[in-house]
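# Structure assessment
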Amino acid sequence: MADTLQTGTEESENDLPRKASWRHIGPGIVVAATGVGAGDLVATLIAGSKFGYTLLWAAVIGCLVKISLAEAAGRWHLATGRTLFDGWRSLGSWTTVYFAGYVVVWGFVYGAAAMSSSALPLAALFPDTMDLKAWAVLCGLAGLVFVWFNRYAVFEKVMTVLVGVMFLVTVYLAVRVTPHLGAALAGLAPVLPDGSLIYTLGLVGGVGGTITLAAYGYWVNAKGWTNAGWMKVMRLDNRVAYLTTGIFVVAMLFVGAELLHSSGVAIAKGDRGLLDLTDILADRYGTPTAKLFLVGFFATSFTSLIGVWHGVSLMFADFVTKYRPSLAPAGTSREKSLPFRAYLLWLTFPPISLLFLDQPFGLVIVYGVIGAFFMPFLALTLLWLLNSSRTPADWRNGLLSNVMLAAAGLLFVVLCVQQVRELPW
């Protein structure tokens, strides 16, 4: 894959603008599926259970923020022919130090979290077969084998199928709880009920907002889109991604508003909250609906697992090979390179130890701090890069992009401060 734009006086066929077409859609589906995890759906459910439809507007704004961030990451890759890490490195060595610390510690803790999240619905679907830890290890190994032996094209197809399952299940549940459309439309008016600020910020900044936003540009390149001729295609793809995310979020907010808010039922925070919802669905609509939801729960969790296994490994491979090009000889795909596979192993095997031990207190603190800083880091560095001479003049930020990225940066700084304050110091 080329890391730089083609040069020369004549425009090559590959540089010509491509017509935006639905048949090209792919990386957007991947980023949507990876970015929305079980914990995000629980956060949306809890917001719906506490405030009904009142915060629906925040979920919509959140999708617009993520469209802006992912579009900026994709535009950098296509307009410059350079990767996002190239851009970060041009801003100074501090970005390298931050990313190196982040990707190592975050990957270690996230690996265990992703395996556990994928294991929860399987343990509930197949009780009395294996315990939760065994299911978690199996999920991690399945993700490792799948990403290790498959290239992007197969990865995208599998992700698309799993997104289809997520979509059908969440929309089915939203229809099944019979939402009040009048109240839902009223929820599009910006209102902040007492005690809702943190939930509002979480809906705007949290759902679908992870390191996978930064990985979007790498998936765009893996798809074969490597220059500005693909810009219209990328933008359509990105809008589809966050329209899909918006449907997931709105559907789960409907479920929270109708199933939990109206009856005053509370669920646990984190992934286990979805198991609480499973019990409620079984009581209200019967076991088949509950089991269908568990299938959707697994699809949600496992897409996040394999998405991170693939996307963040691509980022890590780019990071390492910028300093050690010999680890990825010319002609070697990033997906087959030593750094890519080394990070896959890092995401899988060391985190298994955390499944059998309580997470060390100090590690939780470090993970929380560097994780909280990533989204402000992403938003503000993209704002910097896309307003500088590093980006060709035709593809620098306009007023709307600057407003959205600046607003995202400010939002994520506020969320960062709040997250650090809530850490178990």
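What counts as what
Residues numbered from 1 in each chain as written. Predicted model: local features only at pLDDT ≥ 70, side-chain atom pairs only at ≥ 80, totals over all residues. Heavy atoms only, no water. Helix = DSSP H or I, 4+ residues; strand = E, 2+ residues; numbered from the N terminus. Rg over C-alpha atoms; globule rule 2.2 N^0.38 Å. Buried < 20%, exposed > 50% of the residue type's maximum accessible area, 1.4 Å probe, protein only. Contact = heavy atoms within 4.5 Å. Areas by Shrake-Rupley, 256 points an atom, 1.4 Å probe, with all protein chains shown as cover. Lys, Arg positive; Asp, Glu negative; His and termini not counted. Charge placed at Lys NZ, Arg CZ, Asp CG, Glu CD. Patch = residues over 30% accessible without salt bridge, like charges linked within 9 Å, V, L, I, M, F, W, Y side chains within 5 Å. Salt bridge = Lys/Arg side-chain N within 4 Å of Asp/Glu carboxyl O. Phe/Tyr/Trp six-rings, centres within 6.5 Å; stacked < 30°, edge-to-face > 60°. Lys NZ or Arg CZ within 6 Å of the ring centre and 35° of its normal. Polar contact = N/O pair within 3.5 Å; in protein donor to acceptor, adjacent residues only side chain to side chain. Axes fitted to C-alpha atoms, helices over the stretch in contact; angles between N-to-C directions. Parallel < 35°, antiparallel > 145°, perpendicular 65-115°, else oblique. Left-handed = near helix turned anticlockwise from the far one by under 90°. Nonpolar A, V, L, I, M, F, W, Y, C, P; charged D, E, K, R; others polar. pLDDT = per-residue confidence, 0-100. Core = buried A, V, L, I, M, F, W, Y, C linked by side-chain atoms within 4.5 Å. Expected span 1.5 Å × (residues − 1). Bend = angle between axes of the 7 residues up to and from the residue.

## Digging into the overall build of the protein chain
Assigned secondary structure in the protein chain consists of 16 helices and zero strands. Taking 2.2 N^0.38 as the reference for a compact globule, 425 residues should give roughly 22 Å; the C-alpha atoms of the protein chain span a radius of gyration of 21 Å, in line with that estimate. The principal-axis extents of the C-alpha atoms in the protein chain amount to approximately 65 × 45 × 45 Å. With 425 residues in all, the protein chain has 55% of them scored as buried. Of all intrachain contacts in the protein chain linking residues separated by at least 6 positions in sequence, the fraction that spans at least 24 positions is 85%. Surface summary for the protein chain: the accessible area is close to 17,600 Å², and the carbon and sulfur share equals 66%. Counting 28 positive and 23 negative side-chain charges, the protein chain places the centres of these two groups 4 Å from one another.

## Considering a nonpolar patch on the surface
On the surface, a cluster of nonpolar side chains totalling about 360 Å² of accessible area is made up of Val60, Leu64, Leu185 and Leu188. Counting through the fold element by element, Leu185 comes out in helix H8 (residues 181–186). The exposed category is assigned to Leu185, whose relative accessible area is 60%.

## As for the packing of aromatic side chains
The full count for this structure, using the stated rule, is 26 aromatic pairs. Centre to centre, the rings of Phe298 and Phe302 are 5.3 Å apart; their planes meet at 15 degrees, and the pair counts as stacked. Taken as a pair, Phe298 and Phe302 lie in helix H13 (residues 287–323) at a separation of four residues, close to a single helical turn. Residue classification places Phe302 among the buried positions, given a relative accessible area of 13%. When the ring centre of Tyr323 is taken as reference, the NZ or CZ atom of Arg89 above it lies at 5.1 Å.

## Details of the side chain of Thr289
Within the secondary structure, Thr289 is located in helix H13. At 3.4 Å, the side chain of Thr289 and the side chain of Tyr172 are in polar contact. Sequence-distant contacts of Thr289, that is, excluding residues within four places in its chain, are made with Tyr172, Leu173 and Arg176.

## Details of the packing of helix H5 (residues 93–125) against H13
Running from N to C, H5 and H13 cross one another at 160 degrees; their axes reach a closest spacing of 9 Å. Comparing their axes, H13 and H5 come out roughly antiparallel. Handedness of the crossing formed by H5 with H13: left-handed. The residue inventory of the contact of H5 with H13, partitioned by class, reads 25 nonpolar, six polar and one charged.

## Things to note about the confidence of the model for the protein chain
Looking at the protein chain, pLDDT values average 86 and 90% of them are 70 or higher. Confidence, read as mean pLDDT per element, is least for helix H9 (residues 197–205) in the protein chain (78) and greatest for helix H6 (residues 132–149) (96). The model gives residues 1–13 a pLDDT under 50, and that stretch makes 22 contacts with residues more than four places away or in other chains.

## Here we look at the nonpolar core
Core analysis: the largest hydrophobic core is formed by 138 residues, its most contacted members being Leu69, Trp88, Trp309 and Phe374. Those residues in contact with Trp88 that sit more than four places away from it in its chain are Thr95, Phe99, Ala214, Met315, Phe374, Phe377, Leu378, Thr381 and Leu385.

## Here we look at unusual backbone geometry
Backbone geometry at Asp128 places phi at a positive 65 degrees, although glycine is not the residue there. Along the chain, the position of Asp128 falls in the loop between H5 and H6. According to the relative accessible area criterion, Asp128 is exposed, its value standing at 82%. The backbone of Thr178 shows a phi angle near 55 degrees, a positive value even though the residue is not glycine. Relative to the elements of secondary structure, Thr178 occurs in the loop between helix H7 (152–176) and H8.

## Details of the environment of Gly62
Along the chain, Gly62 turns up in helix H3 (residues 56–80). For the pair Gly62 and Pro193, spaced 131 residues apart in sequence, the C-alpha separation works out to 18 Å.

## Examining the pattern of salt bridges
Under the definition given, this model contains seven salt bridges. A salt bridge links Arg75 to Glu71, with the nearest nitrogen and oxygen atoms 2.8 Å apart. Taken as a pair, Arg75 and Glu71 lie in helix H3 at a separation of four residues, close to a single helical turn. No difference in accessibility class separates Arg75 from Glu71, as the two residues are buried. The salt bridge involving Arg151 is made with Glu335; its shortest N-O contact spans 3.3 Å. Here Glu335 lies in the loop between H13 and helix H14 (338–355) and Arg151 lies in the loop between H6 and H7, a separation of 184 residues in the sequence.

## Here's the deal with the side chain of Ser301
Note on placement: Ser301 falls in helix H13. With residues near it in sequence (within four places) discarded, Ser301 still touches Ala38, Ser117 and Ser118.

## A short note on H5
Between its first and last C-alpha atoms H5 spans 48 Å; for 33 residues at 1.5 Å apiece the expected length is 48 Å, and the two agree. Gly107 marks the point of greatest bend in H5, at about 30 degrees.

## Comments concerning H7
With 25 residues, H7 extends 36 Å between its outermost C-alpha atoms, agreeing within 8% with the 36 Å of an ideal straight helix rising 1.5 Å per residue. When H7 is considered as a whole, its buried residues turn out to be Tyr152, Phe155, Glu156, Met159, Leu162, Val163, Met166, Val169, Thr170, Leu173 and Ala174. Turning to H7, the residues buried within the fold contact helix H1 (27–35), H6, helix H10 (212–222), helix H11 (231–261), helix H12 (273–285) and H13. Thr178 occupies a position one or two residues after H7 and carries a positive phi of about 55 degrees.

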